[in-house]
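One-letter residues, chain by chain:
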Amino acid sequence: MDTLGVVEVNSIAAGAELADGMVKVADVDLVRSSTLCSGRFIIYVSGDREAVETSVNFARAGQKRLSGSFVISNVSPLLLAALKKGEPAARGEALGVVESRFVSIGINAADIAVKKSEVRLLKFVAGQGITGKSFFVLGGDVAAVREAVAAASEALGDKLVEAVVIPNPAEAMATAITGGVR
């Protein structure tokens, strides 16, 4: 898989129907199809670029309730790993925390961030328990984290809630935000 399609819908029922249509219209794998807070629905599909574009374009064409959609080619393996399971921070590394108003654009911003600079994507949280927003945590040296956070912030534009860089986080905080320190 080299391409990830992300579609966010403002209706659970419409999202379920849309996910069904997306996998029927193109040869894609349904990676995730689930509810988010605030009655939204998220759909991730993967496959080759042409199939993913066909699937996402199908969603765009008939869905007035779309709150976001992206096709990410050459998706970063760091993003894919973080969507499945996060990893702990390393002792002494700087952390960047970027918060987005929506999940779909947050995924795109995370991919841009890890492609811009030598950072690790430690965690991506999508929508549940945070009113449909998303946030991600980056780790690395201070300069790299600053560069990646700046790139993500620019990509988010007015969908950015807040972005911070913590140069030398306390171990307790690093554990709390990433789930551990190694």
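Here, every reference points to the structure presented above.
Reading the values: the criteria
Residues numbered from 1 in each chain as written. Predicted model: local features only at pLDDT ≥ 70, side-chain atom pairs only at ≥ 80, totals over all residues. Heavy atoms only, no water. Axes fitted to C-alpha atoms, helices over the stretch in contact; angles between N-to-C directions. Helix = DSSP H or I, 4+ residues; strand = E, 2+ residues; numbered from the N terminus. Left-handed = near helix turned anticlockwise from the far one by under 90°. Contact = heavy atoms within 4.5 Å. Nonpolar A, V, L, I, M, F, W, Y, C, P; charged D, E, K, R; others polar. 1 Å grid on protein atoms, 1.4 Å probe; cavity = no way out; pocket = protein on both sides within 12 Å on 5 of 7 lines; lining within 4 Å. Points joined across faces, edges and corners; volume = space filled by probe spheres on them. Phe/Tyr/Trp six-rings, centres within 6.5 Å; stacked < 30°, edge-to-face > 60°. Buried < 20%, exposed > 50% of the residue type's maximum accessible area, 1.4 Å probe, protein only. Pairing = 2+ DSSP bridges. Expected span 1.5 Å × (residues − 1). Polar contact = N/O pair within 3.5 Å; in protein donor to acceptor, adjacent residues only side chain to side chain. Salt bridge = Lys/Arg side-chain N within 4 Å of Asp/Glu carboxyl O.

S.K.: Explain the packing of helix H4 (residues 103-116) against helix H5 (residues 142-156) to me, please; I cannot follow it from the model alone.
M.R.: Each pair of packed helices can be summarised by the angle the axes make with each other and by the distance between the axes. Running from N to C, H4 and H5 cross one another at 145°; their axes reach a closest spacing of 8 Å. Seen along the crossing, H4 lies across H5 with a hand that is right-handed. Residues Ile-105, Gly-106, Ala-109, Ile-112, Ala-113 and Lys-116 of H4 lie in contact with H5, whose contacting residues are Glu-147, Ala-148, Ala-151, Ala-152, Ala-155 and Leu-156. The residue makeup of the contact of H4 with H5, split by class, is nine nonpolar, one polar and two charged.

S.K.: Which parts of the structure should I look at to understand the layout of surface pockets?
M.R.: Over the atoms rolls a probe the size of a water molecule, and in doing so it shows where empty space is left. What the largest pocket holds in volume is close to 250 Å³. Lining the largest pocket are 15 residues, and of these Tyr-44, Leu-80, Ala-82, Leu-83 and Lys-84 lie nearest its centre. Only strand S2 (29-36), strand S3 (40-47), helix H3 (77-84) and strand S6 (120-126) provide two or more residues apiece to the lining of the largest pocket. At four residues, H3 tops the list of elements feeding residues into the lining of the largest pocket. Classifying every residue of the lining of the largest pocket gives nine nonpolar, two polar and four charged.

S.K.: Got a minute to help me understand the packing of aromatic side chains in this structure?
M.R.: Here a ring pair, both rings aromatic, is described through the centre-centre distance and the interplanar angle of the planes. Evaluated as defined, the whole model comprises one aromatic pair. Look at Phe-124 and Phe-136: their rings are 6.3 Å apart centre to centre, the planes differ by 10°, and that puts the pair in the stacked class. Within this pair, whereas Phe-124 is found in strand S6, its partner Phe-136 is found in strand S7 (residues 134-140), the two being separated by twelve residues in sequence. With respect to burial, Phe-124 and Phe-136 carry one shared label: buried.

S.K.: Honestly, the pairing of S2 in this entry has me stumped. Any pointers?
M.R.: If a strand is regular, its side chains alternate between the two faces of the sheet. Here seven bridges tie S2 to S3, and the two strands are oriented antiparallel to one another. Residue pairing in the sheet places Thr-35 in a bridge with Phe-41 of S3.

S.K.: Honestly, H5 in this entry has me stumped. Any pointers?
M.R.: Owing to its 3.6 residues per turn, the α-helix aligns residues three or four sequence positions apart on the same side. End to end, H5 covers 21 Å across 15 residues, agreeing with the expected 21 Å (1.5 Å per residue, within 8%). When H5 is considered as a whole, its buried residues turn out to be Ala-144, Val-145, Ala-148, Val-149, Ala-151, Ala-152, Ser-153 and Leu-156. The inward-facing, buried residues of H5 abut strand S5 (94-100), H4, S7 and strand S8 (160-166). Taking the backbone nitrogen of Ala-143 as reference, a side-chain oxygen 3.1 Å away marks Asp-141 as the first, capping residue of H5. At the exit of H5 stands Gly-157, carrying a positive phi of roughly 55°.

S.K.: Just checking my understanding: could you explain H4 for this structure?
M.R.: Taking 1.5 Å per residue as the helical rise, H4 with its 14 residues ought to reach 20 Å, and the 20 Å between its terminal C-alpha atoms agrees with that figure. In terms of burial, H4 is a largely internal element, eleven of the 14 residues being buried. Every buried residue belonging to H4 is among Val-103, Ser-104, Ile-105, Gly-106, Ile-107, Asn-108, Ala-109, Ala-110, Asp-111, Ala-113 and Val-114, and all of these are buried.

S.K.: Sorry, what's going on with unusual backbone geometry here?
M.R.: Glycine aside, a negative phi is what most residues show, and trans is what most peptide bonds show. The residue Asn-74 is not glycine, and still its phi comes out positive at about 45°. Take Asn-74: its relative accessible area is 59%, and that puts it in the exposed class.

S.K.: Looking at this model, I keep getting lost on the pattern of salt bridges. Mind explaining?
M.R.: Two side chains bearing opposite charge may form a pair once their charged atoms approach each other closely. Per the counting criterion, the structure on display carries nine salt bridges. Between Asp-20 and Lys-24 there is a salt bridge; the shortest N-O distance is 2.8 Å. Of the two residues, Asp-20 and Lys-24 both sit in helix H1 (residues 12-25), four residues apart, roughly one turn of that helix. Its relative accessible area of 38% is what places Asp-20 among the partly exposed residues. Between Lys-115 and Asp-111 there is a salt bridge whose closest N-O contact spans 2.7 Å. In this pair, Lys-115 and Asp-111 both sit in helix H4, four residues apart, roughly one turn of the helix.

S.K.: Sorry if this is basic, but what is going on with the sheet that holds S7 here?
M.R.: The strands making up a sheet associate through backbone hydrogen bonding, with each pair oriented either parallel or antiparallel. Reading across the sheet, the four strands line up as S6-S7-S5-S8 and stay open at both edges, with antiparallel pairing between neighbours. Each edge of the open sheet is held by one strand with a lone partner, namely S6 and S8. The sheet shows a mean angle of 10° between the axes of neighbouring strands, taken without regard to direction. Of the strand pairs in this sheet, S6 and S7 are connected by six bridges, and their pairing is antiparallel. In the sheet register, Val-125 faces S7, and the bridge partner there is Phe-135.

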